[in-house]
Amino acid sequence: MYLNCHTYYSLRYGTFSEEELLDLAQKNGVTKLVLTDINNTSAALNFVRKAPEYDVRPLLGIDFRNGVDSCFIGIAKNNEGYLELNNFLSQHLHEEKKFPSRAPDFSNAYVVYPFEKVLLNEMAHFGAQEFIGISIADLRKLPFSRIKGLRDRLVVQQPVTFRNKGDFNAHRLLRAIDNNVLLSKLDKTQEGNEDEKMYPIKNLVAAFSEYSFILENTEKLLNTCSIYFDFSKERISQNLQTYTGSKEEDERMIERLCLEGLPYRYQEVGEEIMERLKKELGLIKEKGFVSYFLINWDIVSYARKRGFFYVGRGSGANSIVAYLLRITDVDPMELDLYFERFINLYRTNPPDFDIDFSHRDRPVMTQYIFDRFKYVALLGTYVTFKERGVIRELGKVFGLPKNEIDFLAEGRFDLAKLDEVARLVLKYGRLIMGMPNYLSIHAGGILISERPIHWFSATHLPPKGFPTTQFDMVIAEDVGLYKFDILGQRGLSKIKESLEIIAYNRIGNAEEIDIHDVKKFKKDPRINNLIKTAQCMGCFYVESPAMRMLLKKLEVDNYLGLVAASSIIRPGVAKSGMMREYILRHREKGRTAEKAHPVMLDIMPETYGVMVYQEDVIKVAHYFADLDLGEADVLRRGMSGKFRSREEFEKVRLKFIENCRKKGEPDSVIFEVWEQIASFAGYAFAKGHSASYAVESYQTLFLRAYYPLEYMVAVLNNGGGFYRAEFYVHEARMLGATIHPPCVNKSSHNNVIYGKSIYLGLGYLRDLESRVAERILRERSREGRFASLEDFLDRVVISIEQISILIRIDAFRFTGVNKHQLLWKAHLFLNKGTKLDHPKLFPAVHQNFKIPQLHTSDQEDAFTQLELLGFCLCSSFDLLAETPKNTNGSKDLRNYLNGYIDIYGYLVTVKNTSTHTGKRMHFATLVDQQGMVFDAVLFPPVAAKYSFRGRGIYRFYGKVVSEFDFLSIEVVKMRKEDYIPDPRYADMKTSKKVFSEKKNAISPSGLTSE
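Because the structure is predicted, anything quoted here is derived from the model rather than measured. (Residues numbered from 1 in each chain as written. Predicted model: local features only at pLDDT ≥ 70, side-chain atom pairs only at ≥ 80, totals over all residues. Heavy atoms only, no water.)

A. Structural view of the sheet that holds strand β16 (residues 752–754). Read across the sheet, three strands follow the order β15-β17-β16 without closing on themselves; strand pairing throughout is mixed. Two strands lie at the open edges of the sheet, namely β15 (738–740) and β16, each paired on one side alone. Strand after strand, the sheet turns through a mean of 25° between neighbouring axes, direction not considered. As paired strands, β16 and strand β17 (residues 757–759) are joined by three bridges and run antiparallel to one another. Paired with V752 across the strands is Y759, a residue of β17. In this fold helix α34 (residues 708–717) packs onto β16 and β17, with an angle of close to 160° to the strand it touches most, β16. (Pairing = 2+ DSSP bridges. Helix = DSSP H or I, 4+ residues; strand = E, 2+ residues; numbered from the N terminus. Axes fitted to C-alpha atoms, helices over the stretch in contact; angles between N-to-C directions. Contact = heavy atoms within 4.5 Å.)

B. Inspection of the layout of surface pockets at higher detail. In this model, the second largest pocket occupies a volume close to 1,400 Å³. Together, 39 residues line the second largest pocket, and A546, M549, M579, K911 and F923 are the ones closest to its centre. Among the elements of the structure, α23 (545–554), α25 (571–575), α26 (578–587), β18 (900–914), β19 (920–927), β20 (933–938), β21 (953–963) and β22 (966–976) are those that each provide at least two residues to the lining of the second largest pocket. For the lining of the second largest pocket, the element with the highest residue contribution is α23, accounting for six residues. Its residues placed into classes, the lining of the second largest pocket shows 22 nonpolar, nine polar and eight charged. (1 Å grid on protein atoms, 1.4 Å probe; cavity = no way out; pocket = protein on both sides within 12 Å on 5 of 7 lines; lining within 4 Å. Points joined across faces, edges and corners; volume = space filled by probe spheres on them. Nonpolar A, V, L, I, M, F, W, Y, C, P; charged D, E, K, R; others polar.)

C. View of the nonpolar core. Core analysis: the biggest nonpolar cluster contains 107 residues, and F792, I803, L806 and F812 have the highest contact counts within it. With 98 residues, the next largest nonpolar core counts L22, F106, Y113 and L447 among its residues. (Core = buried A, V, L, I, M, F, W, Y, C linked by side-chain atoms within 4.5 Å. Buried < 20%, exposed > 50% of the residue type's maximum accessible area, 1.4 Å probe, protein only.)

D. A look at the pattern of salt bridges. This model, assessed by the stated rule, comprises 60 salt bridges. Ionic pairing is found between E963 and R580, a salt bridge with its closest N-O pair at 2.6 Å. With E963 in strand β21 and R580 in helix α26, this residue pair connects regions lying 383 residues apart in the sequence. With relative accessibility at 35%, the residue E963 sits in the partly exposed group. Note on R580: relative accessible area 44%, which makes it partly exposed. When salt bridges with common partners are traced through the structure, they connect E779, R782, D791 and R795 into a single cluster. (Salt bridge = Lys/Arg side-chain N within 4 Å of Asp/Glu carboxyl O.)

E. Here's a closer look at the packing of helix α38 (residues 800–808) against helix α39 (residues 819–829). Where α38 meets α39, the closest approach of the two axes is 9 Å, and the angle between their N-to-C directions is 165°. Considered as vectors, α38 and α39 are oriented roughly antiparallel to each other. Both α38 and α39 take part in a crossing whose hand is right-handed. Across the interface between the two elements, I800, I803, S804, I807 and R808 from α38 touch K819, L822, L823, A826 and H827 from α39. Each residue belonging to the contact of α38 with α39 can be placed in one class, and the counts come to six nonpolar, two polar and two charged. (Parallel < 35°, antiparallel > 145°, perpendicular 65-115°, else oblique. Left-handed = near helix turned anticlockwise from the far one by under 90°.)

Purely geometric stuff here, so don't read any function into it on its own.
Written out as structure tokens, the structure is:
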């Protein structure tokens, strides 16, 4: 009887989930229900999937509205009608068109017009599939309306949006957020009616007792509708079924491509290789995954034709078929990759291929996929209301000032000391926490379907310009749609651009480089030594402080060690405590036999009986707990969090425990192993995935080892990496480069290198307009370099504000004229606020103005660079107000081992984290006075007293400790050091007077407080 039901996917309007709607229906005796979210179908598939559990027959529709103004409701008679409704909604969402007041003639869908709209629009004639919806509130007006006579067109339309007063309150908050207004200013027309509730069927029947024909019409309408999607384990894939149009031709094609790939991949093709290939092809055919492989082959083949770099990752890297098709560059035979992680008889979903492209090439590849295949869409996802976001949104809704909102969002408040409004923000925040806020795009998922995408969902059109589903990957897989992951990665752009830079900076060298000769790189002692000493700044996946620390602790100096480290660094292994145990077993050979469970050691000998890779979960579940491979894969997928709450996962968990008990394992061992699985499986990499990462790491390490300056320029030009740009500039300087600020004659938009001189790009100048930069580069390319400031001003259209930026950064230093004098000239030649919008026809005759001699200090330059670039090109230590009391640095740590050191460091990065008891602590990476890196830790007692206050130089007093030969400082005291006052605005005679009289001298035994 309910034709118009909303969930919280009626974004910023509805207030509860599709499962809660079904639960509400069951409690009210409702056995047939139409889900009609507002301009949205996100909940539709899961609503259909879950409905049988609540004894509800699910039906689907859409509430078409312009804003909150309801136009009509579409109700699908069947799946074809649902397709029609989705097509109609998607067209309007894509084109951002308003919905008309009258619905089109749907072939397989009913239309219900709200009673008030029929009156307002004076609608008199209705088709066979058009109805007028009457709510309980409308019954008062119906007897006095001409509509009463249209007996066969009237149906019950009692909207369902709220369950109780709390839902209505949440709804009002959502509407205020959506309208960006104070709650007190929210217009009533922007709200739903509080009586949009579900009543027990008997109450609804009683309300319409005088109009039994309305109830009969409604029942008749509902009985003619049905929707079906297959969510069973036996469901067939909804992905594109064939690549060539024929399954037989697909199978012949994949066999041919594999045989053609053998000589490229293997010098000798032994029996073991052919056996593996035969086994894989047999399973791929049996499971119906042939087209999936061929589509991935098509994508990477096109990429190679275009000269695009790519990396194939994921569980698919465990496959020799993927290796021969060149989807991945990881040899599963070399690494003994576990085939069953990739695919097994019990697996219903195809293997996971993550194909990374350069962030510049990815849009081209995405467009190719949309052009190449018929039914394609990006996969959607939902951005939900998170705690801090809720506080910020509701803070505005309740009218709190920004500083109070910031204070609440930080979470460091005493609830007892908060005022009433702040408490309301926290109280009502709980009502909308976790609700979907808006639709977004999955990081890389693309669906290529056998049927039209709108068979499953409407699509919207985000700024990327590609149709995107309104559902996420979990429900997509439930219905048999498996994504292709096409990802953008800057690391590949760095490799590609490095080769381009080497080609112009070291003519001839680039032709000698085979960046894909990874087998050669693996054996190179120069590269392996970089890994062992953790000299990996800028290198893919191995440059972070945590990875640098791990490499040193493990003393990694080979490819297999790096593969393991790539997975060990993931959060789960550390959380389970097994990262430390792995390091101990790696370094103390006798420990493995003593500590490892014999079964675990037998399953995973190469990782000392420690679960490191995702497939280890399958191995342990299969061999330790006697689960079959299908159950083991359910366990692995369940650990990711996507399916953890599902019944199938709970059954497998219980069977895991039961089987282990039957084998006689004590509960202490069973639950220890279970906790290891539970804590890390969702975060670990498949071994093939780690191997793919390690291959790319070796490629970038090769470039850093042999072409360090060119590589650093490429890193900078592609957005850096883990660190800020200034640290890659610093690293280039440490590697022998001379760094120059932007220059109008030598710089490009990006950074360029000439020999060992790196010129920063014009793009680093924060306030320089991009069109001005383009003009400069275009003019220089057309007419050659600029001879002087006057020549530049004659040739480039520019305002006084923009030329001032260039002069202040010293972009005209080739003239040999002091920049203060150049600024005078520019102001004399250009009238402030006026500029020509075209170049001059003839060079101007310039007057020779007499300008006084002016001077600039290095410190002035440094502060100007800080302002315009965001960092200075000199050492930050040169700007200290007080000269450091010592020269201690990274090189001295070993001399102070287990003792205390007084040391200065410029902050590179800081990781703020919490202990298991919730206390704050900090891990910091810093650069010393010699430019070398060191690490410091602030444990909770120290972190409670001191905190990092942005970039700058800090002075530490702390204990030097060693863990597995990795040295760091456990800070006892610290303070941030002051820079000199900005000399551009301060009297240099007093610039050294920067400390307050409270500040005392620092003794070797400790620091005073700030």
